[in-house]
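# Structural overview for review
Listed below, chain by chain, are the residues.
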Amino acid sequence: MKSLFLAFCSFILVLAFSVSSNAQIIDEAPLDGLFEDEGIDQYRPMPYPSIRKADVMWSKRIWREIDFRQKFNQKFYFPIETQANWKSFIVTVLDALKEGKLTAYDISNTDELLVPITYNEVIGRQTDSIYQLMQRPYPPYEEFDTVIYTEFDHTKVMRLRVKEDWYFDSQRSQMMVRILALCPIMIKERNGQEVTEPLFWLSYPESREVFATAFVFNEFNSAARLTYDELFWKRLFDSYVYKEQNVFDRRISQYATGTDALLEAERIKMEMFMFEENL
């Protein structure tokens, strides 16, 4: 009886050692890189420089659009499949909305952040259901009704609208800019034509904490990874102006098309540049 008890205890000890060894093997993942990645949770956004109302002698509000399909802006769109500490811009935003770290605001004609909406509302608006009449491919070839569901596809988000204020700081004698809000744009195809559909607005100052902990691919140096906050802060994107603050509150596309619209956008940018130069 004593020998049986000792054998049972030995079996339990061997089993426990085996489980602990397997757990240790699972927990200790192999090193995938030159050194262990400590994460970027400790990253914080760079603080804005102080500004006084009395120092702002001139300001103008500008709306820009960033096209992810341009080569210089592809860092916003990729990767398609999320990797460790590396997500596309829209996936970073959607994950933050789902976790409650960001607040999305409904689209309004004035581009103001007025009505908050939830993550489920954002996804639900992009989930379409279409009733379609179909015919069976086998006898008796009867017709039947079916519902085709189209779920939200984040890979179709290919543009980003940026609302920003340009101002001249008389204390620093410098033209400066503050990004106010961001709006992801989805590209859809309807009747053979490309249609843009804005999703929601985000407050950029509120989003900086999230963007400061999201890596962006740096094609020049993998050891100096950028974050989305640094991407906006350093203006490392290519964009075009689609609206300036005006008395009619209209976009460039409402009074100019084609080449004329491009020239008008360049005129607005050159006008701000020359204002600073003339000062």
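Our structure is the block above this text.
The present account deals with the structure reproduced in this document. (Residues numbered from 1 in each chain as written. Predicted model: local features only at pLDDT ≥ 70, side-chain atom pairs only at ≥ 80, totals over all residues. Heavy atoms only, no water.)

With an omega dihedral of 5°, the bond running from Phe78 to Pro79 counts as a cis peptide bond. Note that Pro79 resides in the loop between helix 2 (74-77) and helix 3 (89-99). Although it is not a glycine, Asp111 adopts a positive phi angle of roughly 60°. Residue Asp111 is classed as buried on the basis of its relative accessible area, which comes to 5%. Of note, the phi angle at Ser173 is positive, near 55°, even though the residue is not glycine. By secondary structure assignment, the location of Ser173 is in the loop between strand 6 (157-169) and strand 7 (174-190). You can call Ser173 exposed: its relative accessible area is 55%. (Helix = DSSP H or I, 4+ residues; strand = E, 2+ residues; numbered from the N terminus. Buried < 20%, exposed > 50% of the residue type's maximum accessible area, 1.4 Å probe, protein only.)

Our focus in this paragraph is the nonpolar core. Within soluble globular proteins, side chains that are nonpolar tend to cluster in buried spots. With 44 residues, the main nonpolar core has Phe76, Phe89, Leu182, Phe200 and Phe232 as its most contacted residues. Discounting residues that sit within four places of it in the chain, Phe232 has contacts with Ile66, Phe76, Phe89, Leu160, Ile179, Leu182, Tyr204, Phe211 and Phe237. Within the second largest apolar cluster, 11 residues are counted, among which are Ile62, Ala261, Ile268 and Met272. (Core = buried A, V, L, I, M, F, W, Y, C linked by side-chain atoms within 4.5 Å. Contact = heavy atoms within 4.5 Å.)

This part is about the environment of Ile80. Here Ile80 is to be found in the loop between helix 2 and helix 3. Between the C-alpha atom of Ile80 and that of His154, which follows or precedes it by 74 residues, the distance is 9.0 Å. The contact partners of Ile80, leaving out residues within four places of it in the chain, are His154 and Thr155.

Per the counting criterion, the structure on display carries 24 salt bridges. A salt bridge links Arg172 to Asp169, with the nearest nitrogen and oxygen atoms 2.6 Å apart. The partner of Arg190 in a salt bridge is Glu197, with the nearest N and O atoms 3.4 Å apart. (Salt bridge = Lys/Arg side-chain N within 4 Å of Asp/Glu carboxyl O.)

This paragraph deals with the environment of Asp165. For Asp165, the location among the structural elements is in strand 6. In the structure, Asp165 is positioned 11 residues away from Met176 in sequence and 8.4 Å away in space, judged by C-alpha atoms. If sequence neighbours within four positions are ignored, Asp165 has contacts with Lys60, Arg61, Met176, Val177, Arg178 and Leu180. A polar atom in the side chain of Asp165 sits 2.8 Å from the side chain of Arg61. (Polar contact = N/O pair within 3.5 Å; in protein donor to acceptor, adjacent residues only side chain to side chain.)

By themselves, these are just geometric observations and shouldn't be taken as functional.
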